[in-house]
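Next come the chains, spelled out residue by residue.
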Amino acid sequence: MVADQETTQFSYQYSPITLAAGREETVGEEEVVQEEEVAMLTDVKSATSIVQPVKCQSNKSKSMETKVYRRRWIMLALFVFVFMTNAFQWIQFSIINNLITKYYGVESSTVDWTSLVFMVAYIPLIFPGAWIMDKMGLRVTLLLGAFGTTAGAWTNVMSVAPDRFYVALMGQTLCATAQVFLLGVSPNVAAVWFGPEQVSSACAIGVFGSQVGIALGFLIPPILVKDHELKDDIGADLLFMFYIVAGVSTLLLLVVIVVFQAKPSLPPSAARCLASQQPSPTPLTYYRSVKRILTNRDYNLLLLTYGINVGVFYAMSTLLNQVVLQHFPGEEENAGRIGLTIVLCGMLGSVLFGVILDRTHKFKETTLAVYVFVLASMAAYTFTFKLEHIAVTFVTAGVTGFFMTGYLPVGFEFAAELTYPEPEVTSAGLLNASAQIFGIIFTILGGWLLANYGSLVCNGTMLAALLVGAALTLPIRAELKRQKANQTAENMTTKNVKEAIKDGNP
């Protein structure tokens, strides 16, 4: 028995069965799998047919247990903290856009690239990043994310001089590269360490890392970096903030090196057992996995709707300082507090919707309901700026954040259901790539509209995009393959136990 075992589920026996074109393959030590013939299971019937209750009569069958360990919470917490420090650096320049332009002598649109670089870098790096995750596991992935985040933080320390904005962009690029090893990993951490009754909640908590980091990125820079007359004083404030971020990042990197584990000794769920029986990934099998995912009609619809929603959030966050100062001059700190409100409310939404998914498994209904409320709240946020009451903006921004950011774990988990048994990190990574593409489009377009036509046209354009996203959510079919695989495996286990008792062999 494992000392930190919290829950032991039914043990069962299985015999791996290879699905080949027109013939059975021999399984066991002498098995030869021809990749041209093997197809990844893309429907529940195929996925659940892997598990065959057998008597352990030869070395061709194995006994498999599922266990849930207490230390799963430590692994999840470490991931959250590393993700948090990376996300903080995404927004740390944009939320004090006016002070950065003053210190470095650059345009506002140039400062926007300290955030946009995160979106640009992710797109070409998603596939090698996801393959590394699949091939080398969670530990190597998180180490790469923590190391890149730390390297970027120390590079930002060296950027504090009015003529070194290019160094700041280099630091942001390093952090953006590290983001590839963090952004789509939440569902994988949840699937590897948590049982079926907690996997959605764990994914939501994993997304917390990003949300908490963004929240602190909105709150702390306006407090630490003030609008001084002298550039040297602004530089001193920036240096102090960068040292704090670099110190925290370094400490977390050391803890990850010592503590974080790739996976538990035994898988936490039947679905994870099935997924673990897939062959070790190669570039060819990974390419085929991506191809299968991208030919899934329902997933493609989700890919668009998720990208639009999160892309609008990215643009809204990047442009927040400029939008708020356009209506409320001199309110830099309140711009940060509005951003904090957006993310804190989003954290509550993430928890609530994660719990709802765990209890109801109503993925399609939850996704559609959240999208409708995102539309309504974004409309309120767009039009209430004209009232020129900052308290009203706090309220509408908070409600928008509750639903818009709360949508993140819902999208991840729905994607994992639609594409099971493909790796969660691949489906989540493609969702994030879609979000980055839409984020780049909306941020560049929104910045231009904001400068030339004002916030009403800028936010109104994003509202129209969200309306398209909501419409595309309607035809998505709720084919919950992972849930069905878990249920089938449990039914098989129960049936086997009953038959054993009936035969007098409990």
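Refer to the structure above for everything that follows.
Now for a quick tour of the structure. (Residues numbered from 1 in each chain as written. Predicted model: local features only at pLDDT ≥ 70, side-chain atom pairs only at ≥ 80, totals over all residues. Heavy atoms only, no water.)

## Things to note about the overall build of the protein chain
Check the secondary structure of the protein chain and you find 19 helices and 4 strands. Counting only contacts in the protein chain whose residues sit at least 6 apart along the sequence, the fraction spanning at least 24 positions is 85%. By element, 65% of the accessible surface of the protein chain is carried by carbon and sulfur atoms, the whole surface being about 20,700 Å². (Helix = DSSP H or I, 4+ residues; strand = E, 2+ residues; numbered from the N terminus. Contact = heavy atoms within 4.5 Å. Areas by Shrake-Rupley, 256 points an atom, 1.4 Å probe, with all protein chains shown as cover.)

## What to know about unusual backbone geometry
Not every positive phi belongs to a glycine, and glutamate 388 is a case in point at roughly 60 degrees. Note on placement: glutamate 388 falls in the loop between α15 (363-383) and α16 (390-419). The exposure class assigned to glutamate 388 is partly exposed, which follows from its relative accessible area of 39%. (Buried < 20%, exposed > 50% of the residue type's maximum accessible area, 1.4 Å probe, protein only.)

## Some words on the pattern of salt bridges
One pass over the structure, following the stated rule, counts 5 salt bridges. Glutamate 333 is the partner of lysine 226 in a salt bridge, and the nearest nitrogen-oxygen pair spans 2.4 Å. In this pair, lysine 226 is assigned in the loop between α8 (199-224) and α9 (231-259) and glutamate 333 in helix α14 (residues 332-360), connecting sequence segments 107 residues apart. Note that aspartate 298 and arginine 297 form a salt bridge whose closest N and O atoms lie 2.6 Å from each other. Using a relative accessible area of 2% as the deciding quantity, one classes aspartate 298 as buried. Salt bridges sharing common partners tie together Lys226, Glu333 and Arg337. (Salt bridge = Lys/Arg side-chain N within 4 Å of Asp/Glu carboxyl O.)

## Topic: α16
With 30 residues, α16 should reach 44 Å at 1.5 Å per residue; the first-to-last C-alpha distance of 43 Å fits that figure. Of all bends in α16, the biggest is about 30 degrees, found at leucine 408, and the proline proline 409 comes one to four residues later. Where burial is concerned, most of α16 is hidden: 23 out of the 30 residues are buried. (Expected span 1.5 Å × (residues − 1). Bend = angle between axes of the 7 residues up to and from the residue.)

## A short note on the side chain of serine 159
Secondary-structure assignment places serine 159 in the loop between α5 (113-157) and α6 (165-179). When sequence neighbours within four positions are dropped, the list of residues in contact with serine 159 reads Tyr104, Arg164, Val167, Ala168 and Phe242.

## Some words on the packing of α15 against α16
Look at α15 against α16: their axes get within 8 Å of each other, and the N-to-C directions meet at 155 degrees. Relative to α16, the element α15 lies roughly antiparallel. Considering the relative orientation of α15 and α16, their crossing is left-handed. Contact residues: Phe363, Lys364, Thr366, Thr367, Val370, Tyr371, Phe373, Val374, Ser377, Met378, Ala380 and Tyr381 in α15; Thr393, Thr396, Ala397, Val399, Thr400, Phe403, Met404, Tyr407, Val410, Glu413, Phe414 and Glu417 in α16. Residue classes in the contact of α15 with α16 are distributed as 15 nonpolar, 6 polar and 3 charged. (Axes fitted to C-alpha atoms, helices over the stretch in contact; angles between N-to-C directions. Parallel < 35°, antiparallel > 145°, perpendicular 65-115°, else oblique. Left-handed = near helix turned anticlockwise from the far one by under 90°. Nonpolar A, V, L, I, M, F, W, Y, C, P; charged D, E, K, R; others polar.)

## With respect to the side chain of asparagine 97
Turning to its location among the elements, asparagine 97 is positioned in helix α3 (residues 97-104). Classification of asparagine 97 as buried rests on a relative accessible area of 1%. Among the polar contacts made by the side chain of asparagine 97, one reaches the side chain of aspartate 112 at a distance of 3.4 Å. Excluding residues that lie within four positions of it along the chain, asparagine 97 makes contacts with Ser108, Val111, Asp112, Asn321 and Gln322. (Polar contact = N/O pair within 3.5 Å; in protein donor to acceptor, adjacent residues only side chain to side chain.)

## Structural notes on the nonpolar core
Here is a general trend for soluble globular proteins: nonpolar side chains tend to be buried in one another's company. Core analysis: the largest hydrophobic core is formed by 131 residues, its most contacted members being Leu238, Met378 and Leu466. Not counting the four nearest positions on each side in its chain, leucine 238 is found in contact with Ile96, Ile100, Tyr103, Tyr104, Val160 and Val225. (Core = buried A, V, L, I, M, F, W, Y, C linked by side-chain atoms within 4.5 Å.)

## Things to note about the environment of serine 201
Mapped onto the elements, serine 201 comes out in helix α8. Between the alpha carbons of serine 201 and alanine 190 there is a distance of 8.3 Å; along the sequence they are 11 residues apart. Those residues in contact with serine 201 that lie beyond four places of it in its chain are Gly354, Val355 and Asp358.

## Looking at a nonpolar patch on the surface
Together, Ile74, Leu254, Ile257, Val258 and Val259 give the surface a local cluster of nonpolar side chains, amounting to about 450 Å² of exposed area. Top contributing element to the nonpolar patch by residue count: α9, with 4 residues. Among the secondary structure elements, valine 258 is positioned in helix α9. Exposure remark for valine 258: the relative accessible area of 70% places this residue in the exposed category. (Patch = residues over 30% accessible without salt bridge, like charges linked within 9 Å, V, L, I, M, F, W, Y side chains within 5 Å.)

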